[in-house]
Amino acid sequence: GGTYKGIAGILVNTNDGADTVTNRGNIEEDKSKTNVRAYGAVVNKGTFVNYGNIKLKDSLDHQANQITSEDMKKVNVGIFANSTNKLDTTITNRGDITIGDSTNNKNIGSWAIYGYNVNTGAKEDGSNSKITVNRNNYGIYSGDGNVNIQSTKLLVGNDTVLGHVKTTSGVSTASRSEERLS
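Residues numbered from 1 in each chain as written. Predicted model: local features only at pLDDT ≥ 70, side-chain atom pairs only at ≥ 80, totals over all residues. Heavy atoms only, no water.

### Some details on the overall build of the protein chain
In step 1: A count of helical and extended segments in the protein chain gives 1 helix and 16 strands.
In step 2: For the protein chain, with 182 residues in total, the buried portion stands at 41%.
In step 3: For the protein chain, the computed accessible surface area is about 9,800 Å², with 43% contributed by carbon and sulfur atoms. (Helix = DSSP H or I, 4+ residues; strand = E, 2+ residues; numbered from the N terminus. Buried < 20%, exposed > 50% of the residue type's maximum accessible area, 1.4 Å probe, protein only. Areas by Shrake-Rupley, 256 points an atom, 1.4 Å probe, with all protein chains shown as cover.)

Structural data, given as structure tokens:
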């Protein structure tokens, strides 16, 4: 099993930019032989509304200092707008997205959401959606259009900075004396 060249859980390629595709299922990457180009959903044209959870493995199985700009075209993305016309795509996420393993130092350059006209919001049960991206990765990118982030918990990174431990659980394990800056 596993992929060598990449895979998408859902491909949204409607006839009209005003068409909508809604996902209520979960998308999870099982395994990969290359650690490149795993997409929860690819949106070529139309509106994609996601209520499901998306979980992708680590991307680019190299140390950060070995990554080139060409490698960055191969990263994993939870929801990816692949349109040349930014007005043709809208992404609305109301599910949890998790990218990478917080214990691994090799997950590089992945995105939870990469697109145009990005919205996030609460799950169907009213609880906050959660986007978790681990070290060396990115949360939300919009090349243009409106970005509206609501009812979403965004957890980024897990490295130690200036004595303060950042975690992907949203709770710091640093003691009071470690947090003091002098």
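Past the structure itself, the notes keep going.
### Examining the confidence of the model for the protein chain
In step 1: Looking at the protein chain, pLDDT values average 79 and 76% of them are 70 or higher.
In step 2: In this model residues 171-182 is a low-confidence stretch, pLDDT under 50, and it forms 15 contacts with partners more than four residues away in sequence or in other chains. (pLDDT = per-residue confidence, 0-100. Contact = heavy atoms within 4.5 Å.)

### Considering the sheet that holds strand 8 (residues 97-99)
In step 1: One open sheet accounts for 5 strands, arranged 3-5-8-11-14; its pairing is parallel. On the outer flanks of this sheet lie strand 3 (27-28) and strand 14 (152-156), each paired with one strand and no other.
In step 2: Bridging between strand 11 (residues 129-133) and strand 14 involves 5 bridges; their strand directions are parallel. When the bridges of strand 14 are listed, S129 appears paired with T152. (Pairing = 2+ DSSP bridges.)

### Overview of the environment of G40
In step 1: Relative to the elements of secondary structure, G40 occurs in strand 4 (residues 38-50).
In step 2: Looking at G40, the relative accessible area reads 0%, which means it is buried.
In step 3: Taking the C-alpha atoms as reference points, G40 and I10, 30 residues apart in sequence, are found 6.5 Å from one another.
In step 4: In this view, G40 contacts A8, G9, I10, I27, I54, L56, V77 and G78; residues no more than four positions away in its chain are not counted.

### Focus on the pattern of salt bridges
In step 1: In this structure the tally under the stated criterion is 2 salt bridges.
In step 2: For E124, the salt bridge identified is with R24, shortest N-O distance 2.9 Å. Of this pair, E124 sits in the loop between strand 10 (118-120) and strand 11 while R24 sits in the loop between strand 2 (20-23) and strand 3, and the two are 100 residues apart along the sequence. R24 matches E124 in its accessibility class, with the two residues each being exposed.
In step 3: A salt bridge links D96 to K123; the shortest N-O distance between them is 2.9 Å. With D96 in the loop between strand 7 (89-93) and strand 8 and K123 in the loop between strand 10 and strand 11, the pair connects residues that are 27 residues apart, well separated along the chain.
In step 4: By relative accessible area, which is 16% here, D96 ends up buried. (Salt bridge = Lys/Arg side-chain N within 4 Å of Asp/Glu carboxyl O.)

### Things to note about the packing of aromatic side chains
In step 1: Here the structure, examined in full by the defined rule, presents 6 aromatic pairs.
In step 2: With centroids separated by 5.6 Å and ring planes inclined at 40°, the aromatic side chains of F80 and Y114 adopt a geometry described as tilted. You can see F80 sitting in strand 6 (residues 77-81) and its partner Y114 sitting in strand 9 (residues 111-115), a full 34 residues away along the chain.
In step 3: Residue class for F80 comes out buried when judged on its relative accessible area of 17%.
In step 4: Each ring, one from W111 and one from Y114, has its centre 5.2 Å from the other, and the planes form 75°; the classification is edge-to-face.
In step 5: Overall, the relative accessible area of 16% leaves W111 in the buried class. (Phe/Tyr/Trp six-rings, centres within 6.5 Å; stacked < 30°, edge-to-face > 60°.)

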